[in-house]
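Breakdown of the fold
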Amino acid sequence: WIKNVVIELQFCPWAAKALTSPRFHLQYVEHSKILQMTEIAMKTLSSGKNESTTILALAPMHFDDFLDIVAIVNDQIENYDLRGIIQLAHFHPDYRFADAPKK
């Protein structure tokens, strides 16, 4: 999905480069553990000891739950004063443009 949709359709212009970077980290996370994982990542990134890194967390979940997680992670970015340091790029297969027909 990342290669066929996000990269090929150019949803994120940096995704292709990030995917091949040695600093790329892919983590499959259970829905119940996603907030714990992001908390650890925020602490690590806010310590200033980490160089540029791309983290892709895969956590299958319903769309509404996904939107809740996105809001919480954005709050964590603010709480750790990481706005401008971390760019949260989030994708979900159920995203639709407002005028797109329902599937």
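Fair warning: this is a prediction, and the values are worked out from it, not measured in the lab. (Residues numbered from 1 in each chain as written. Predicted model: local features only at pLDDT ≥ 70, side-chain atom pairs only at ≥ 80, totals over all residues. Heavy atoms only, no water.)

Observations concerning unusual backbone geometry
Of note, glutamine 10 is a non-glycine position whose phi angle comes to about 55°, a positive value. Tracing the chain through its elements places glutamine 10 in the loop between helix H1 (2-7) and helix H2 (15-19). Judged by relative accessible area, glutamine 10 falls into the exposed class, the value being 65%. (Helix = DSSP H or I, 4+ residues; strand = E, 2+ residues; numbered from the N terminus. Buried < 20%, exposed > 50% of the residue type's maximum accessible area, 1.4 Å probe, protein only.)

Overview of the pattern of salt bridges
With the rule as written, the count across this model stands at 1 salt bridge. Between glutamate 78 and arginine 83 there is a salt bridge, with its nearest N and O atoms 2.5 Å apart. A relative accessible area of 44% means that glutamate 78 is categorised as partly exposed. For arginine 83, a relative accessible area of 45% corresponds to the partly exposed category. (Salt bridge = Lys/Arg side-chain N within 4 Å of Asp/Glu carboxyl O.)

Thoughts on the confidence of the model for the protein
For residues with low pLDDT, the predicted coordinates do not support detailed interpretation. Overall, the prediction assigns the protein a mean pLDDT of 79, with 92% of residues at 70 or greater. The weakest mean pLDDT in the protein belongs to strand E2 (residues 54-58) at 70; the strongest belongs to helix H4 (residues 63-79) at 88. (pLDDT = per-residue confidence, 0-100.)

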